[in-house]
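# Architecture and fold: a report
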Amino acid sequence: GEGIKASKKGSSMNRQKRVLAIHDISCIGKCSLTVAIPIISAAELECAVIPTAVLSTHTGEFTGYTFRDLTDDIEPICKHWRSFGIGFDAIYTGYLGSAKQISLVRSIIDTFGGEGKTVFVDPVMADAGRLYANFDMAFVSEMRSLCAEADVITPNLTEAAFLLGGEYRESGYGEEYIKETLGALCELGPKAAMLSGVSYEDGKIGAAYLERGGDYGYFADERIPGFYHGTGDVFASALVAAYVRGMSMSDAAAAAVRFTTKSIRLTAAAGSAPRFGVRFEEALCDFMRDIGVFVESRNG
């Protein structure tokens, strides 16, 4: 899967690559920026950020959380950046709280994207067959338009169903259905689509991807019972980190699946409450080795 590679290993790695992550900050509950920053940084990439909102916790299984909308800060941040000519190797968007934020992100892509830059859109808006709170079909339409400007999109099965206007199928599908879904997602405009939460057999779950007119791949690992918050962000952040570092889409997907599964396995073994997120920190060293980062002690 070399079809949409923006860069390769080698001399280009002498300059530290910079990823712009556009997500909210949930102060407790390990998701969005609090997982994107450490995972992307572990790949020896710079992770610049635009925070879209600040919440005391994420919105799943917590009540009474605080929420501060940062929409009005986005354009001034970008204006300052433009004043000194900063650039990015990749742009990675996650939870966006409104249609206005989607519109601002499209402007960011126009300004800071372009040839040789990879745009990843994780259309965070739904799970388990339902839209998240405060989202409606008008928002889905706006998110569909953002996906058209991406190089890679990473929806889960629920988000794919909303993007395509189809029926959500939790189970009982085969590879042909997933390939058709991926093909339809690519027709929205991105060069590649990655579906998370795909399972062809009991006890296994993983991700499937399709590059438009090119490679298909599927990688699965152990399915661990339960629902663990933030795993979509862990998976997407790992995929971005591995791919921007220089791995093929196939290898990046496999590494992201292994890392996410190990994070869940460690959390389940420890008996940690799932609403606080997964213990991805304990799996970072293995992930770093998996993507070619030397993690033994260094001199100098």
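Residues numbered from 1 in each chain as written. Predicted model: local features only at pLDDT ≥ 70, side-chain atom pairs only at ≥ 80, totals over all residues. Heavy atoms only, no water.

Here we take up the packing of aromatic side chains. If you walk through the whole model with that rule in mind, you get 12 aromatic pairs. Ring centres of Y173 and Y200 lie 6.4 Å apart, and the angle between their planes is 75 degrees; on these two criteria the pair is classed as edge-to-face. One end of the pair, Y173, is in the loop between α5 (157–164) and α6 (175–187); the other, Y200, is in the loop between β9 (192–198) and β10 (204–211), and 27 residues separate them in sequence. A relative accessible area of 9% means that Y173 is categorised as buried. An aromatic cluster is built from Y173, Y177, Y200 and Y218, whose rings are joined through pairwise contacts. Just above the ring of Y177 sits the side chain of R169; from NZ or CZ to the centre is 4.5 Å. Across the ring face of Y216, the terminal group of K179 is positioned such that the distance to the ring centre comes to 4.7 Å. (Phe/Tyr/Trp six-rings, centres within 6.5 Å; stacked < 30°, edge-to-face > 60°. Helix = DSSP H or I, 4+ residues; strand = E, 2+ residues; numbered from the N terminus. Buried < 20%, exposed > 50% of the residue type's maximum accessible area, 1.4 Å probe, protein only. Lys NZ or Arg CZ within 6 Å of the ring centre and 35° of its normal.)

Following the criterion strictly, the structure yields 13 salt bridges and no others. For R258, the salt bridge goes to D290, with nearest N and O atoms at 2.9 Å. Taken together, the residues span a long stretch of sequence, with R258 in helix α8 (residues 249–270) and D290 in helix α9 (residues 284–290) at a distance of 32 residues. Given the relative accessible area of 28%, D290 is considered partly exposed. (Salt bridge = Lys/Arg side-chain N within 4 Å of Asp/Glu carboxyl O.)

Glancing now at the side chain of T260. Tracing the sequence through the fold places T260 in helix α8. A relative accessible area of 10% places T260 in the buried class. Excluding residues within four positions of it along the chain, T260 makes contact with T231, V234 and F235. (Contact = heavy atoms within 4.5 Å.)

Glancing now at the sheet that holds strand β3 (residues 67–69). Taken in spatial order, the nine strands line up as β3-β2-β1-β4-β5-β8-β9-β10-β11 in an open sheet, and their pairing is mixed. The sheet terminates laterally at β3 and β11 (216–222), the two strands that pair on one side only. Summarising the sheet, β10 and β11 pair through seven bridges and their orientation is antiparallel. In the sheet register, I205 faces β11, and the bridge partner there is D221. Sheet contacts for α6: β8 (152–153), β9, β10 and β11; angle to β9, the most-contacted strand, approximately 140 degrees. (Pairing = 2+ DSSP bridges. Axes fitted to C-alpha atoms, helices over the stretch in contact; angles between N-to-C directions.)

All we've got here are geometric facts, nothing functional implied.
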